[in-house]
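Remarks on the overall topology
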Amino acid sequence: ELTTYKAYLQGEWKKSSSDETIAIQSPYLRKTIGYVQAVTQDEVDEAIKAAHKAQKSWAELSLSERGAYLDKWADELVNNSEDIATAIMQEVGKGFKDAKKEVVRTADLIRYTVQEALHMHGESLKGDGFPGGDQKKIGIVERAPLGVVLAISPFNYPVNLAASKVAPALMAGNGVIFKPATQGSISGIKMIQALDKTGLPKGLLSLTTGRGSVIGDYLVEHKGIDMISFTGGSGTGRHLSKQTAMIPLVLELGGKDPALVAEDADMDVAVKSIMNGAFSYSGQRCTAIKRVLVNEKVADELVARLKSEIEKLTVGSPEEDSTIVPLIDDKSADFVQGLIDDALNKKATLVTGNKRQDNLIYPTLLDQVTEDMDVAWIEPFGPVLPVIRVKSDEEAIELANRSEFGLQASIFSQDIDRALEVARQVEAGTVQINGRTERGPDHFPFLGVKASGMGVQGIHHSLLSMSRERVTVLNLK
Ligand code: G3H
């Protein structure tokens with residue numbers, strides 16, 4: 001008997017009045033593992049209304065009082081980590097150990113968010129700093145909540161990327177409407193069950209599972225939403241930024257993160273970082289390394305070493321913690337296969353891989369990739385790594401920057417001056433020197449430029465983006 005999960009609306013677990021549910025498919029079990037509610041527009045209206053009401057008293061609680069709920073939430077997540085990790089594994093096909101790490105990382109992130117909020121402080125300014133100003137004019141700058149934040153999370157970190165929006169929103173004094181990706185909903189529900197156990201004031205947060213076609217645009221355009229934090233594809237991000245008028249928006253979108261490997265790179269470090277960066281969770285990370293731009297002098301060596309490492313990767317089931325697991329759905333696997341086929345048709349060299357069983361794509365390394373191939377530019381979100389050989393740092397930088405994306409980049413060189421020089425010229429939110437591309441540690445600012453995003457995440461910046469300045473001016477006699 002499969003579970004039909006209820007939605008969390010105004011502090012109650014409820015069946016939707018739509019009487020409709022959505023079946024959740026497991027990518028590796030290849031069957032339905034449960035059902036979630038298809039919430040209606042009326043229910044969204046009610047949830048937003050309740051969030052506004054509850055937010056007023058929530059914002060009046062002290063930071064420590066708000067923090068106490070969140071710390072308890074972190075404890076509940078850790079206490080239930082086996083169950084939540086199992087849900088993540090089954091629902092999005094993430095290896096069990098990684099799913100468990102995601103839960104622990106989330107608890108750490110929540111606790112840090114509490115501490116960061118407790119330690120943030122405003123400022124005061126005196127008017128005489130400006131010509132003609134006066135010492136008797138004193139500005140007090142504090143932070144105030146925005147109201148109700150809409151948090152939309154993706155499938156690949158159904159708990160962590162949801163909590164990294166919900167926790168700062170709550171600490172900043174906001175109400176929250178949480179809309180998880182459909183595949184990821186069960187994990188999101190379990191995460192909110194943990195939050196509900198803390199006795200969070202009713203109505204402050206609602207979890208609206210449902211069809212994008214029914215409540216997606218409706219939520220985004222809703223007059224009751226005061227800020228949106230979205231992680232997902234660049235296409236949806238662009239759509240969101242057109243739909244929302246005068247609503248603060250933070251977008252974390254796709255990437256085509258390059259690894260630039262110079263001829264003086266420490267090859268052990270480069271190989272290890274590229275392997276991990278490109279293939280963990282089958283490349284289903286926005287920050288995965290998605291192309292290698294290697295100096296031709298060391299290209300043969302790098303390709304040979306990557307080939308040998310790729311052939312050692314474990315391929316199969318998340319239950320066995322395989323690195324390479326079935327992709328989220330068949331459509332995604334077809335898309336990745338299409339990129340491989342296009343490259344091979346255009347005479348890329350297949351070094352290893354290009355094998356497929358249903359939605360399980362074996363790790364694939366393509367060498368001699370050229371600019372006319374889709375895989376040189378398009379984000380696969382799967383385990384395929386194109387290698388483009390370059391003659392110089394300048395050529396690598398030019399190719400890195402020609403992408404529509406600009407999330408992160410990795411530079412491998414033992415000459416720190418050279419690496420820094422290249423890093424300054426690469427258009428990306430973050431450049432890693434001698435390491436893999438990755439979002440964490442979670443207190444670092446995290447941002448993408450160009451089609452990779454808008455605004456900044458990371459704990460401190462998320463608290464800032466989910467609150468505003470409140471300026472009070474004293475005009476003394
Ligand atoms: O998928 C996008 C995530 O923000 C990547 O996070 O670098 O920790 O895997 P990660």
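Treat the numbers as computed from the prediction; the structure is a model and nothing was measured.

So, how was this worked out
- Throughout this description, residue numbers start from 1 for each chain and increase along the sequence as written.
- The predicted nature of this model means local features are confined to residues of pLDDT at least 70 and side-chain atom pairs, given and counted, to a pLDDT of 80 or more, with totals for whole chains, interfaces and linings taken over all residues.
- Calculated side-chain values reflect all of the structure's heavy atoms, with hydrogen atoms and water omitted.
- Two kinds of site are reported from a 1 Å grid over the protein atoms alone, namely cavities, where a 1.4 Å probe fits but cannot get out, and pockets, open sets with protein on both sides within 12 Å along at least five of seven lines, and residues are called lining when an atom falls within 4 Å of a point.
- Grid points are joined across faces, edges and corners, and a volume is the space filled by probe spheres set on the points.
- For helices the rule is a DSSP run of H or I covering at least 4 residues; for strands it is a run of E covering at least 2, with both sets numbered from the N terminus onward.
- Amino acids outside the nonpolar list (Ala, Val, Leu, Ile, Met, Phe, Trp, Tyr, Cys, Pro) and the charged list (Asp, Glu, Lys, Arg) are all regarded as polar, and Gly is one of them.
- Proximity criterion: a residue is near a molecule or strand once any of its heavy atoms comes within 4 Å of it.
- The definition of a polar contact used here is a pair of N or O atoms within 3.5 Å, where within protein one atom must be able to donate a hydrogen and the other to accept one, and adjacent residues in sequence count solely through side-chain atom pairs.
- Only the protein chains shown count as cover for residues, and all accessible areas are computed by the Shrake-Rupley method using a 1.4 Å probe.
- Whether a molecule sits in a cavity or pocket is decided by its atoms, more than half of which must lie within 2 Å of the grid points.
- Among the buried residues, those of types Ala, Val, Leu, Ile, Met, Phe, Trp, Tyr and Cys that are joined through side-chain atoms within 4.5 Å form a nonpolar core.
- Under the scheme applied here, a residue whose accessible area is under 20% of the maximum for its type counts as buried, over 50% as exposed, and between as partly exposed, the area being computed with a 1.4 Å probe on protein chains only.
- Note on contacts: a residue pair is in contact if any heavy atoms of the two residues lie within 4.5 Å.
- Strands are labelled as partners when DSSP assigns at least two bridges between them.
- Orientation is described by axes fitted as lines to C-alpha atoms, over the contacting stretch for helices, and by angles from 0 to 180 degrees between their N-to-C directions.
- Note on convention: the crossing is left-handed when the near helix lies turned anticlockwise from the far helix by less than a right angle, right-handed when the turn is clockwise.
- In this scheme Phe, Tyr and Trp rings, the latter by its six-membered ring, pair at centre separations within 6.5 Å, and the angle between planes marks the pair as stacked below 30 degrees, edge-to-face above 60, and tilted otherwise.
- Criterion for a charge above a ring: Arg CZ or Lys NZ at most 6 Å from the ring centre, at most 35 degrees from the ring normal.

The next thing to look at is the layout of surface pockets. Approximately 1,200 Å³ is the volume found for the largest pocket. Together, 42 residues line the largest pocket, and F155, F230, G232, G233 and T236 are the ones closest to its centre. Going through the elements one at a time, strand 7 (148–153), helix 7 (212–220), strand 10 (227–231), helix 8 (234–243) and helix 11 (330–345) are the ones with two or more residues in the lining of the largest pocket. A per-class count over the lining of the largest pocket returns 18 nonpolar, 18 polar and six charged. Volume-wise, the second largest pocket comes out at about 800 Å³. Taken together, 33 residues form the lining of the second largest pocket, with D98, K101, N276, S280 and R436 sitting closest to its centre. Looking at side-chain class alone, the lining of the second largest pocket contains ten nonpolar, eight polar and 15 charged residues.

Close contacts around the ligand come from R105, N156, Y157, L161, E252, R285, C286, T287, E438, R439 and F446, and that covers them all. Between an oxygen atom of the ligand and a side-chain N or O atom of E252, the distance comes to 3.4 Å. In this structure, C286 approaches the ligand through a main-chain N or O atom, which is 2.8 Å from an oxygen atom. Taking 310 Å² as the accessible area of the ligand by itself, protein coverage stands at 98%. Taking a 2 Å distance to the grid points as the criterion, the majority of the atoms of the ligand fall inside the second largest pocket. The class makeup of the residues in the shell around the ligand is four nonpolar, two polar and five charged.

With 60 residues, the main nonpolar core has L70, W73 and M191 as its most contacted residues. For this core, the element with the most residues is helix 4 (residues 96–119), which contributes eight residues. When near neighbours in sequence (up to four residues on either side) are disregarded, M191 contacts W73, L77, V159, A162, A163 and F178. L366, A376, V390 and V426 belong to the second-largest nonpolar core, a separate cluster that totals 29 residues.

Attention shifts here to the sheet that holds strand 17 (residues 364–367). The strand order across the open sheet formed by seven strands is 14-17-18-13-12-20-21, and the pairing between neighbours is mixed. Two strands bound the open sheet, and with one partner strand each, they are strand 14 (349–352) and strand 21 (430–433). Taken over all neighbouring pairs, the strand axes of this sheet differ in orientation by 25° on average, direction set aside. For strand 17 and strand 18 (residues 384–390), the ladder comprises three bridges, and the chain directions are parallel. In the strand pairing of strand 18, L366 is matched with P386. Together, strand 14, strand 17 and strand 18 form the strand contacts of helix 11, whose direction differs from that of strand 17 by roughly 30°.

Contact pair helix 1 (residues 41–60) / helix 7: the axes reach a minimum separation of 10 Å and the direction vectors enclose 35°. For the pair helix 1 and helix 7, the sense of crossing is right-handed. Between helix 1, through Q41, V44, D45 and I48, and helix 7, the contact on the second element is made entirely by V214, I215, Y218 and L219. Here the contact of helix 1 with helix 7 is composed, by residue class, of six nonpolar, one polar and one charged.

A separate point is the pairing of strand 17. The alternating pattern of strand 17 places T364 and L366 on one face and L365 and D367 on the opposite face, and all of these are buried. Bridge analysis of strand 14 against strand 17 gives three bridges, and the strand direction is antiparallel. Its bridge partner lying in strand 17, L350 is registered against L366.

Once that is clear, we can look at unusual backbone geometry. In this structure, the amide linkage connecting G440 to the following residue, P441, adopts the cis form with an omega of -5°. Position of P441 relative to the elements: it lies in the loop between strand 21 and strand 22 (449–450). Unlike most non-glycine residues, D19 shows phi in positive territory, near 60°. Tracing the backbone shows D19 in the loop between strand 2 (12–14) and strand 3 (21–25). Its identity as a non-glycine residue notwithstanding, F381 has a phi of 55°, on the positive side. Counting through the fold element by element, F381 comes out in the loop between strand 17 and strand 18.

Aromatic ring pairs are described here by two measures, namely the spacing of the ring centres and the angle between the planes. Here the structure, examined in full by the defined rule, presents three aromatic pairs. Centroid distance Y8 to W13: 4.7 Å. Interplanar angle 40°. Geometry classified as tilted. For the pair W58 and Y69, a centre-to-centre distance of 5.5 Å together with 55° between the ring planes defines the contact as tilted. Of this pair, W58 sits in helix 1 while Y69 is found in helix 2 (residues 63–79), placing the two residues eleven residues apart along the sequence. Judged by its relative accessible area of 1%, W58 falls in the buried class. In this arrangement the basic side chain of K94 is found over the ring face of Y281, its NZ or CZ atom lying 5.1 Å from the centre. Here K355 stacks its cationic end above the ring of Y362, 4.2 Å away from the centre of that ring.

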